[in-house]
There are 2 protein chains.
Amino acid sequence: MSRARVHLFDTTLRDGAQTAGVDFTLHDKIVVARLLDRLGVDYVEGGYPGANPTDTEFFAEKRTERARFTAFGMTKRAGRSADNDPGLRGVLAAEADACCFVAKTWDFHVTHALGVSLDENLRQIRETVRAAVAAGREAMIDCEHFFDGFKANPAYALACAHAAYEAGARWVVLCDTNGGTLPHEVTEIVAEAAHAVPGDHLGIHAHDDMGLAVANSLAAVLAGVRQIQGTLNGLGERCGNANLTTLIPTLKLKPDLAERFEIGVTDAGLASLTQLSRAFDELLNRPSNRYAPYVGANAFATKAGIHASAILKDPRTYEHVDPAAVGNRRRLLVSDQGGKSNLLAELARIGVEADKADPRLDALLAEVKAREAQGYSYEGAEASFALLAKRALGRVPDFFAVESFRVMVERRHNSLGERVTASEAVAKVRVDGDTLMSAAEGIGPVNALDLALRKDLGRYQPYIADLKLTDYKVRILNGGTEAVTRVLIESTDADGESWTTVGVSPNIIDASFQALVDSMVYKLLKAGAPAEGQPS
Amino acid sequence: MSRARVHLFDTTLRDGAQTAGVDFTLHDKIVVARLLDRLGVDYVEGGYPGANPTDTEFFAEKRTERARFTAFGMTKRAGRSADNDPGLRGVLAAEADACCFVAKTWDFHVTHALGVSLDENLRQIRETVRAAVAAGREAMIDCEHFFDGFKANPAYALACAHAAYEAGARWVVLCDTNGGTLPHEVTEIVAEAAHAVPGDHLGIHAHDDMGLAVANSLAAVLAGVRQIQGTLNGLGERCGNANLTTLIPTLKLKPDLAERFEIGVTDAGLASLTQLSRAFDELLNRPSNRYAPYVGANAFATKAGIHASAILKDPRTYEHVDPAAVGNRRRLLVSDQGGKSNLLAELARIGVEADKADPRLDALLAEVKAREAQGYSYEGAEASFALLAKRALGRVPDFFAVESFRVMVERRHNSLGERVTASEAVAKVRVDGDTLMSAAEGIGPVNALDLALRKDLGRYQPYIADLKLTDYKVRILNGGTEAVTRVLIESTDADGESWTTVGVSPNIIDASFQALVDSMVYKLLKAGAPAEGQPS
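Residues numbered from 1 in each chain as written. Chains lettered and ligands numbered in written order. Predicted model: local features only at pLDDT ≥ 70, side-chain atom pairs only at ≥ 80, totals over all residues.

1. Re the overall build of chain A
Put simply, the rule reads: Comment: elements are numbered from the N terminus, with helices defined as DSSP H or I runs of at least four residues and strands as E runs of at least two. Whether a residue is buried, exposed or partly exposed is read from the other C-beta atoms within 10 Å of its own C-beta, which are placed from the backbone; 20 or more gives buried, 12 or fewer gives exposed, and intermediate counts give partly exposed. Contacts are defined on C-beta atoms placed from the backbone: any two residues whose C-beta positions lie within 7 Å are in contact.
Along chain A, the regular secondary structure elements total 20 helices and 18 strands. Seen through its principal axes, chain A has C-alpha atoms that stretch 85 × 75 × 45 Å. Burial analysis of chain A (536 residues in total) assigns 51% to the buried set. Here the contacts in chain A between residues at least 6 apart in sequence split such that 67% fall between residues at least 24 apart.

2. Examining the interface of chain B and chain A
Quick note on the threshold: One requirement defines pairing of two strands: DSSP has to find at least two bridges between them.
Facing the 81 residues of chain B at the interface are 79 residues of chain A. Ranked by residue count, the leading element in the side of chain B that touches chain A is strand S13 (residues 401–413) of chain B, at nine residues. Examined bridge by bridge, strand S13 (residues 401–413) of chain A and S13(B) share seven bridges and lie antiparallel to one another. Across the sheet, residue A:Glu410 finds its bridge partner in S13(B), namely B:Arg406.

3. Digging into the UniProt feature "domain: Pyruvate carboxyltransferase" (unreviewed entry) in chain A
Operational definition: UniProt positions are given in the numbering used here, feature names are shortened, and annotations may be inferred rather than shown by experiment.
Using the residue numbers shown here, the UniProt feature "domain: Pyruvate carboxyltransferase" (unreviewed entry) corresponds to residues 6–271 of chain A. Each end of residues 6–271 of chain A is marked by a C-alpha atom, and these two atoms are 19 Å apart; helix forms 44% of the span and strand 18%.

4. Points about the packing of helix H17 (residues 382–392) of chain B against helix H20 (residues 508–526) of chain B
All names here are of chain B. Note the cut-off: A fitted line through C-alpha atoms represents every axis, and for helices the fit uses only the stretch in contact; the resulting angles, taken between N-to-C directions, go from 0 to 180 degrees. Roughly parallel covers angles under 35 degrees, roughly antiparallel covers those over 145, roughly perpendicular covers 65 to 115, and oblique covers all other angles. Put simply, a crossing is left-handed when the front helix is turned counterclockwise from the back one by less than a right angle, and right-handed when it is turned clockwise. In this classification, Asp, Glu, Lys and Arg are treated as charged, Ala, Val, Leu, Ile, Met, Phe, Trp, Tyr, Cys and Pro as nonpolar, and every other residue, Gly included, as polar.
Across the interface, H17 lies against H20 with an axial gap of 10 Å and an inter-helix angle of 70 degrees. Considering the angle they form, H17 stands roughly perpendicular to H20. Classified by chirality, the crossing of H20 by H17 is left-handed. Counted together, Ala 383, Ser 384 and Leu 387 of H17 and Asp 518, Ser 519, Val 521 and Tyr 522 of H20 form the full contact between these two elements. Residues that form the contact of H17 with H20 fall into these classes: four nonpolar, two polar and one charged.

5. Comments concerning the sheet that holds strand S5 (residues 98–104) of chain B
Residue and element names in this part refer to chain B. Strand order in this closed barrel of eight strands is S2-S3-S4-S5-S6-S7-S8-S9, and the pairing throughout is parallel. Across the sheet, the axes of successive neighbouring strands diverge by a mean angle of 25 degrees, strand direction being ignored. Note: strand S6 (residues 138–144) against strand S7 (residues 171–176), four bridges, orientation parallel. Looking across to S7, one finds that Cys 143 is bridged to Leu 174. Across the sheet, helix H1 (residues 26–39) lies against strand S2 (7–10) and strand S3 (43–47), angled at about 170 degrees from S3, the strand it touches most.

6. A few points about the sheet that holds strand S9 (residues 227–230) of chain A
Residue and element names in this part refer to chain A. Strand order around the closed barrel formed by eight strands is S2-S3-S4-S5-S6-S7-S8-S9, with parallel pairing between neighbours. Each strand of the sheet is rotated relative to its neighbour by a mean of 25 degrees, with strand direction disregarded. Strand direction decides the pairing type here: strand S8 (residues 202–206) and S9, joined by three bridges, are parallel. Following the sheet pairing, Ile 204 is matched in S9 by Ile 228. The strands touched by helix H3 (residues 86–93) are strand S4 (68–74) and strand S5 (98–104); relative to S4, the strand with the most contacts, the crossing angle is about 175 degrees. Strands S5 and strand S6 (138–144) of the sheet are contacted by helix H5 (residues 118–134), whose axis makes an angle of about 155 degrees with S6.

7. Describing helix H13 (residues 273–284) of chain B
Residues and elements named next belong to chain B. The condition that has to hold: Any helix carries an expected span of 1.5 Å times its number of residues minus one. Think of it as the arc spanned by the lines of direction from the helix axis to the C-beta atoms.
Spanning 12 residues, H13 covers 17 Å between terminal C-alpha atoms, matching the ideal 16 Å at 1.5 Å per step. Taken together, the buried positions of H13 are occupied by Leu 273, Thr 274, Ser 277, Phe 280 and Leu 284. In a view along the axis of H13, the buried residues occupy a sector of 130 degrees, so they form one face of it. Close packing links the buried residues of H13 with H1, helix H10 (244–253) and helix H12 (267–271).

8. Considering the environment of B:Leu257
Residues and elements named next belong to chain B. Take Leu 257: it is sitting in helix H11 (residues 255–258). Leu 257 sits 249 residues away from Pro 506 along the chain, and the two C-alpha atoms are 53 Å apart. For Leu 257, the residues in contact, after removing those within four places along its chain, are Thr 250 and Leu 251.

9. A short note on the packing of helix H8 (residues 183–196) of chain A against helix H9 (residues 213–222) of chain A
All names here are of chain A. Between H8 and H9, whose axes approach to 9 Å, the crossing angle comes to 30 degrees. Between H8 and H9, the angle falls in the class roughly parallel. Along this stretch, H8 crosses H9, giving a crossing that reads as right-handed. Taking contact as the criterion, the partners of Pro 183, Val 186, Thr 187 and Val 190 in H8 are, on H9, Ala 215, Asn 216, Ala 219 and Ala 220.

10. Remarks on unusual backbone geometry
Residues and elements named next belong to chain A. Notably, Asn 233 is not glycine yet its phi reads approximately 55 degrees, a positive angle. For Asn 233, the location among the structural elements is in the loop between S9 and helix H10 (244–253). According to the C-beta neighbour criterion, Asn 233 is buried, with 25 such atoms within 10 Å.

11. Overview of the pairing of S13(B)
Within a regular strand, the side chains alternate between the two sheet faces. Residues and elements named next belong to chain B. For S13 and strand S14 (residues 419–431), the ladder comprises 12 bridges, and the chain directions are antiparallel. Bridge pairing in S14 places Ser 404 opposite Lys 428. Counting the residues between successive antiparallel strands, the hairpin from S13 to S14 contains five residues, one of them, Gly 417, with a positive phi of roughly 80 degrees.

12. Notes on the environment of B:Phe58
Residue and element names in this part refer to chain B. Mapped onto the fold, Phe 58 is located in helix H2 (residues 53–58). Between the C-alpha atom of Phe 58 and that of Tyr 48, which follows or precedes it by 10 residues, the distance is 9.5 Å. With sequence-adjacent residues up to four places away left out, Phe 58 is seen in contact with Leu 26, Lys 29, Gly 46, Gly 47 and Arg 63.

13. Some remarks on the environment of A:Ala271
Within the secondary structure, A:Ala271 is located in helix H12 (residues 267–271). Setting aside residues up to four positions removed in sequence, A:Ala271 forms contacts with A:Ala325, A:Val326 and A:Gly327.

14. With respect to helix H8 (residues 183–196) of chain B
Residues and elements named next belong to chain B. Relative to the 20 Å expected for 14 residues at 1.5 Å per residue, H8 spans 20 Å between its end C-alpha atoms, a close match to the ideal helical length. Three or more residues of H8 are buried, namely Pro 183, Val 186, Ile 189, Val 190, Ala 193 and Ala 196. Considered in projection along H8, the buried side chains sweep an arc of 120 degrees and stay on one side of the axis. Away from its buried face, by an angle of more than 90 degrees, H8 presents the exposed residues Ala 191 and His 195.

15. What about the confidence of the model for chain A?
Caution applies to low-pLDDT parts of the model: their predicted coordinates are not meant to be read in detail. All names here are of chain A. For the record, the criterion: What pLDDT reports is the predictor's confidence in each residue, on a scale of 0 through 100.
Residues at a pLDDT of 70 or more form 95% of chain A, whose mean pLDDT is 91. Below pLDDT 50 for its whole length, residues 334–338 participates in five contacts with residues either more than four positions away or in separate chains. Across the interfaces of the predicted complex, the ipTM metric reaches 0.76, alongside a pTM of 0.76.

Put into structure tokens, the structure is as follows:
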């Protein structure tokens, strides 16, 4: 039996941008579009060109290679021709392969919110689709409130879907805008919709207000729909959209679905999913959900001793899929042995060779556990982890030592009577027996400290000349008065390599200092700088 | 049509205790059992008496008033009589109304993991149920791996279920132990199981490894099952169990389900759900999931201006249920994407009266937008928003002015040769014409600044004496060298009120300073402190 192709439509950058607390910059959008393109989704909806400067600039050029780059907009307004509607013109001017327009399909909304006649709304849908097709774009219509609209007036909801299809829309997407539709209702209503629009032109857009967005998406596919709209990590307004990070492995790994349906994500794409999910959370600067299906840190964690020993005999006893298939790993929380094999696997992965029998590995494992208990996290800071491991194995020479530093922030009135805040730092560094003292001003205390530390490293200065800080993240652990601060610093150099280091302390300046020094040492090691006292 | 009674079985204290990072004390268990009892679940499974001292002590007395207090255990071992099995004896000795025994129903597990014959396993199930009934307990059997077992050997899985029922089990619970079963498979397999055991004796126990635990529980109920096992906030091994906090409102509020099924939770119990969910997270000392269905802080939050104005006209347009029904509330985010209607609604909610026609509101909206563009976010900082609004409306008097401050962090060797990092701050504050200068040391620069600012506020000192910092959060916006820092500070006072303030600056100390001062001014306003120059 040939498998039906199911298309994945990602709306992280549009509906996901509606999430409370989420605010994508242009740079964020470019990075996310690249991630999605590499993952293998079919459509990347990038935003609403014309609605705000960020989205307009994002659509100044095509941002995907494989995926169809999609602009979102509204159907044209009543009383204007398509040519004469500035909103529609903005969307069609975007450098996009496809356009997705939201249209009302609930009669009550049409007459009360839009304030137009039911016929006029159908006309708007048709004309908008035709204008997009005429402009050479693949057209689709998001049928807002389709399921609620169907319950209120089935004939009208179907008429809207049919109008879009008939006018040439490639996709007619059934939206459960409020997230209040149950899976068995989705099954029934999709079956009805398939009389108005062929299934291979239907899409589903589900929200998670009852924790059912993934189930509703699957129910729709089983009922004949061939496009799923969703987001990375389930981002989206209120409780979020259907989580593609969950749906992708389910569609690829569950035999009953994989035999019937095919998606554009390859096995390699699937294996990158855990890393991609966490990188996305890093970009949002929020902690990853440990309990997330497939990609969460706990998704394959087993605490019960009896389950753990069964898993060691045969993983299928308590694992429904292989964690490696999604790039995740098994965690047996009771087994120290498991800890060491995890450590060895991790060292191998980052290219640190170690003999399994080396007793220094036990000390390293104890050190990692102790530091993680303090708040260090090496999952996102591999450069610091590599340094820690190499130090334990005696492979990091002494280069320089920071004897002391002082950072000062002052807010005062300047000579013009303006309020200014000044930051300056002084650092004393010992290199080959000499003490070098440097001072610098910065835009903040960490910037000043960074500049002072890197201002004069004596004969090591040439090795770090191309070192650049590219990102700085702070997370407060615990909170309250016993707060501990974790700082992550990302650095890069002329090779284009980038690496991340971590520091932890109750004092944010101290935590930043640790991460800055780790980054400098990592760079010296990488550049092959000679050890202290050794000739260059 | 009379409604079918669906029984809720809570396993937060048993399967929920398998969550990585969760460790209930005896006191925790007593508190949670009381919460659940008050909520109105039918069964509270408290743990495994005999397996560890906490659980044994917990079962020394009955811990619920209304709910049936339930002990968990394993079916008796092979080669022993029920009387002679210490595990079983421990469970039956517990002060419990009901006992739930886990039994294997997947033939492969019976022969390979248990190492007994298929017939022997059936005998163990029967004898265990009979022993529990003879001891005066309501008996139930958790059929481990029932769905996987059914796929491998349907006749044997059904024989296990039937054996339990025939021996007198009140409930036979079908467990998707690995969380790998799809909703349509649940529907089909439950229909088969109902031939072996009547539906009103069947239960469902689902795990969330594919984000489908809630959907699978509903599918089972629609297929005839009458008991649902789940946990508060979806706690549980790996990705968690079916989330009762989600299922309860769905069963009570969705017309299509509420017309057919009845549960033991009253409307008042439902209205306590948000508070209960957050209290439970507090007990676990973890942040609440903002995106949780029904009870999350964002569950009824709307950012898009067009949605917000529709909600103000008629909430049903973008809300599938009334937030008050679950004890939650609507939030219209004052944001870049929102408009004046959001602003007015938000002012009304926080108790700031304003005339819709007041021209100062336009200036306020422009100010909010300009500040949000700089990185301020008022979604989580209502106290700063209230101050901003009241200032725009001329309702915040001058109290004090910070003339200057200086913060210093120094890392050096102390007199014992140890490396120490010291932080100190000096602040100059002007109150009623006097300049007051204070200095303080802290564990970090922000702590030092906070202490120095609040050390001497002259005649305002008594008003802020009970002000306490309870949380401090930092977010770096943009990243890289143009990073802007957003600081959120949560404060509280003797009244128990807590409020959050925000500060934004490229300099983290400066951002913290803004949030600290906002918190102090908020407290002075709240305490009714007199304006500068006015008599106390």
